[in-house]
Amino acid sequence: MQTRTEGIVLRSQKYGEADLIVTYLTSDKGIIRAFAKSPRKTKSRFGSSLEPLTHTRISLWGKEHSSMPKITQSDIINSFHQIRENYNDFVSLSKLSEIVLSLTPAEIPSKQIFSFFLNILHFITSSEEDQKDAQHLIAMVRLLATIGYAPRLSGCGKCGAEESYDFYPDSGTTLCAKCASTPLSPAKPFIRINNKVIHFYTHSIEWPINKSNRLKPNDQTLLELSGVLDRHLSHLLSKKLRSSEFIAGACQ
Amino acid sequence: MSGNVVENLIEELTRLPGIGKKTAQRLAFFIMGMPDKDALSMADAIITLKQKARFCRQCFNITEDELCSICRNSSRDRSKICVIEEPSNLIVIENTKIFNGLYHVLLGALSPIDGITPERLKIEELIKRVKAGGVSEVIIATNPNTKGETTAQYLSQVLKPLGVKLSRIAYGLPIGGDIEFADEVTLSKALEGRNEM
């Protein structure tokens, strides 16, 4: 059966001699995997349409509910090649792709996540170079909020007390001293968060994305928030993201 | 018993890339029909490859000795290093007979989402070669795809401070193809990299 849809390539994996298995975030089918015959050959009709982060219109052929349909046609809507040609942009977007792949269930359609991811690609493409580090982090914060896994960083997540600056990755929230200390359980690891991080995080979620360039966090704020989000994700997934390890390794 | 022997060979052949069960069957019966000498010579070539092949100490090409034939060849231009992803790329570039310098095989390409970090590739060894001196140009010939491009950009970041000339192989249209079938990214790259006539 032939089906058509729109998708963003999240990942392309080599298969066999010249084939690819492509993972898409689609508008009406959620995350799907599809098989492309010989796209790695120089004269392939697929061209660059199966490269990561490309927004494409695809035709798939396969039995109904097939786990691996075949890609018969792939037309580029927007290549976003500027992102792939900028090392920092691509590494950062790879992390967002990995978050989507890790935290959203396969084949459950979500127009909201698809539209959001597409907006992020446009947003990063149009960002000023000197604001890229902040924009990458804003994109990650908003993605986590969109898919429902953003940590709570203001107030106590249990009793709602206003003042609370310690984030507990095990709980996915900041907790006040009273709620954090339960006499029967051993002390849990926490990260102390400063006020600037909380403000930047809150505004990242609440402000319209096209106005987020007004946020001017310093390097320390970015570093601290990035560390908090990585710890939060590691706890959620029970492992570190590969792209986080890549970024940490490349910085050394 | 004889059935098992043929089935075993078919099973082994299907492990090869691009070989399905039917092709494996065809190959197995072709091998069975070959003269003993030719079949044994083929088997011997596989055994010798697995026993003797290793990576060149300098460029990580496949060789039987400590240094590969290209690194040993004194007539090659030692001031130019062509960086490639896999040893199979070297054979294709050598077939062009245009490049007379040395190579450096990275044994892969960077991929954040797959966790392929710079430490897993032979990048540190390339930096050491350039730092050792005598290299005036590094040609980055990684694949023209996202992983290859990411690797090229990373190499540019780590090699530029060493003061060596860096170049990237051109993007463009394959000879023999029609422009109407080219995708927009390939065509825009071909236009950007146009040459004066």
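Quick notes on the rules
Residues numbered from 1 in each chain as written. Chains lettered and ligands numbered in written order. Predicted model: local features only at pLDDT ≥ 70, side-chain atom pairs only at ≥ 80, totals over all residues. Heavy atoms only, no water. Helix = DSSP H or I, 4+ residues; strand = E, 2+ residues; numbered from the N terminus. Rg over C-alpha atoms; globule rule 2.2 N^0.38 Å. Buried < 20%, exposed > 50% of the residue type's maximum accessible area, 1.4 Å probe, protein only. Contact = heavy atoms within 4.5 Å. Areas by Shrake-Rupley, 256 points an atom, 1.4 Å probe, with all protein chains shown as cover. Lys, Arg positive; Asp, Glu negative; His and termini not counted. Charge placed at Lys NZ, Arg CZ, Asp CG, Glu CD. Pairing = 2+ DSSP bridges. Buried area = accessible area lost by both parts, 1.4 Å probe. Salt bridge = Lys/Arg side-chain N within 4 Å of Asp/Glu carboxyl O. Polar contact = N/O pair within 3.5 Å; in protein donor to acceptor, adjacent residues only side chain to side chain. Core = buried A, V, L, I, M, F, W, Y, C linked by side-chain atoms within 4.5 Å. Domains from an automatic or database assignment.

**Q** Explain the overall build of chain A to me, using residue names and the numbers behind them.
**A** Within chain A one finds 8 helices and 8 strands. Over its C-alpha trace chain A gives a radius of gyration of 20 Å, about what one expects of a compact globule, namely 18 Å for 252 residues. Residues classed as buried in chain A amount to 50% of the 252 residues present. Counted over contacts in chain A with a minimum sequence separation of 6, partners at least 24 positions apart contribute 60%. When the accessible surface of chain A is summed, it comes to about 12500 Å², and 50% of that surface belongs to carbon and sulfur atoms. Positive and negative side-chain charges in chain A, numbering 31 and 24 respectively, have mean positions lying 6 Å apart.

**Q** Could you give an account of the sheet that holds strand β8 (residues 191–192) of chain A, naming the residues involved and the relevant values?
**A** Taken in spatial order, the 3 strands line up as β7-β6-β8 (chain A) in an open sheet, and their pairing is antiparallel. Unpaired on one side and paired on the other, β7 (173–175) and β8 of chain A mark the two borders of the sheet.

**Q** Could you give me a rundown of the interface of chain A and chain B, with the residues and numbers involved?
**A** Counting from both sides, the interface comprises 31 residues of chain A and, opposite them, 29 residues of chain B. Between chain A and chain B, roughly 2400 Å² of surface is buried when both sides are summed, and carbon and sulfur atoms account for 59% of that area. Broken down residue by residue, the surface that chain A buries against chain B is led by Glu85, Tyr87 and Phe246 of chain A, which jointly contribute 26%. In this assembly, chain A and chain B are joined by 2 salt bridges. Summed over the shared surface of chain A and chain B, the number is 9 residue pairs in polar contact (both at pLDDT 80 or more). Going through the elements one at a time, β1 (2–15), α1 (81–84), α2 (87–103) and α8 (242–251) of chain A are the ones with two or more residues in the side of chain A that touches chain B. Broken down by element, the residue count for the side of chain A that touches chain B peaks at 7 residues, all from α2 of chain A.

**Q** Talk me through the nonpolar core; I want residue IDs and the actual numbers.
**A** If you look at the biggest cluster of nonpolar residues, it comprises 47 residues, and the most contacted ones within it are Leu93, Leu96, Ile99, Phe117 and Leu225 of chain A. Looking at this core, the elements with two or more residues in it are β1, α2, α3 (111–125), α4 (132–146), α6 (195–206) and α7 (219–237) of chain A. For this core, the element with the highest residue contribution is α3 of chain A, accounting for 9 residues. In terms of domain composition, this core takes at least three residues from each of domain 1 (1–79) and domain 2 (81–153 + 193–252) of chain A. Excluding residues that lie within four positions of it along the chain, Leu225 of chain A makes contacts with Leu137, Val141, Leu153, Val197, Phe200 and Tyr201 of chain A. Membership of the second largest hydrophobic core comes to 20 residues, among which are Phe246 of chain A together with Leu121, Ile127 and Leu159 of chain B.

**Q** Break down the pattern of salt bridges for me, citing the residues and quoting the values.
**A** Going through the model one piece at a time under the given rule, you end up with 15 salt bridges over all chains. Where Glu12 of chain B meets Arg15 of chain B, a salt bridge forms, and the shortest distance between an N and an O atom there is 3.3 Å. Across the salt bridge formed by Arg72 of chain B and Asp65 of chain B, the nearest N and O atoms sit 3.1 Å from each other. Residue Arg72 of chain B is classed as partly exposed on the basis of its relative accessible area of 47%. Owing to a relative accessible area of 39%, Asp65 of chain B belongs among the partly exposed residues under this scheme. Shared partners join several salt bridges into a network, and the residues in it are Arg11 of chain A together with Asp114 and Lys147 of chain B.

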